[in-house]
Amino acid sequence: MEDDNQSSPDMEIKLVSRDGKEFALPYSGAKLSKLVENALDGKGDDADVDERTVQIPKVEEECLSKVVEYLKHYQEEPMEEIKTPLEENTFEGNIKQQWYREFLEGIDDPLLFELVTAANFMEIQPLLDICCLKVSSLLMGKSAEEIRSFLNIPKMTPEEEAEAREKHRWIFDD
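Residues numbered from 1 in each chain as written. Predicted model: local features only at pLDDT ≥ 70, side-chain atom pairs only at ≥ 80, totals over all residues. Heavy atoms only, no water.

Visitor: Any details on the nonpolar core? Residues and values, ideally.
Guide: Within the largest apolar cluster, 43 residues are counted, with the highest numbers of intra-cluster contacts made by Leu15, Val67, Tyr70 and Ile130. Where this core is concerned, the elements lending two or more residues are strand E1 (12-16), strand E2 (22-26), helix H1 (27-30), helix H2 (34-40), helix H3 (61-76), helix H5 (98-103), helix H6 (109-122) and helix H7 (125-139). In this structure Leu15 touches Lys21, Glu22, Phe23, Leu25, Val36, Val54, Ile56, Leu64, Val68, Leu71 and Met122, once residues within four positions along its chain are discounted. (Core = buried A, V, L, I, M, F, W, Y, C linked by side-chain atoms within 4.5 Å. Buried < 20%, exposed > 50% of the residue type's maximum accessible area, 1.4 Å probe, protein only. Helix = DSSP H or I, 4+ residues; strand = E, 2+ residues; numbered from the N terminus. Contact = heavy atoms within 4.5 Å.)

Visitor: Can you explain the pairing of E2? Please cite residues and give values.
Guide: Here E2 shows a clear split, with Phe23 and Leu25 buried on one side and none of Glu22, Ala24 and Pro26 buried on the other. Bridge count between E1 and E2: 5 bridges; the pairing is antiparallel. The partner of Glu12 across the bridge, within E2, is Pro26. The turn linking E1 back onto E2 is made up of 5 residues, and Gly20 within it adopts a positive phi angle of 90°. (Pairing = 2+ DSSP bridges.)

Visitor: Mind laying out the environment of Ala39, listing which residues take part and the relevant values?
Guide: Within the secondary structure layout, Ala39 lies in helix H2. Residue classification places Ala39 among the partly exposed positions, given a relative accessible area of 31%. Expressed as a C-alpha distance, the spacing of Ala39 and Gln55, which sit 16 residues apart in the sequence, is 9.2 Å.

Visitor: Describe the packing of H3 against H7, with residues and values.
Guide: Contact geometry for H3 and H7: axes closest at 11 Å, N-to-C directions at 115°. Viewed along their axes, H3 and H7 form a crossing whose handedness is right-handed. In this structure, H3 uses Val67, Tyr70 and Tyr74 to contact H7, whose residues at the interface are Pro126, Leu127 and Ile130. Within the contact of H3 with H7, the residues separate by chemical class into 6 nonpolar, no polar and no charged. (Axes fitted to C-alpha atoms, helices over the stretch in contact; angles between N-to-C directions. Left-handed = near helix turned anticlockwise from the far one by under 90°. Nonpolar A, V, L, I, M, F, W, Y, C, P; charged D, E, K, R; others polar.)

Set out below in structure tokens:
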């Protein structure tokens, strides 16, 4: 079965971050991103170099570097789908493949949130899934106040809280 857009799987494309840094990768890895696939749709093997370059205006260099690392690895070893309902209460218990567990190890929270945003913007569902799972595992066991602080959600005014308690009684324990 032929690819709809007739692009060679080995054709090199470039993704360009908001700050102008270029990252090269094979089309076969990049097409996991629906944004990239749609941008290149119909350009074919004889496309100009400029047509094989996709601007990613909402993603900074550090984050796009991690996205490209993910896309390149996914091409070699696709990530197993995250089963729902979740089998375990930990990130490690739900992600069986070592590389994918280690991929998000040691990155700081701001970069993790940037990856969530980038995966959503670039329409890379498996990356969005694993990043959201990581965020949810970091929230597990935290109080509402700790979650509010972690997610940088402003505290409600007394009026907003009263309105929320009235509209959504099931959320509040008291």
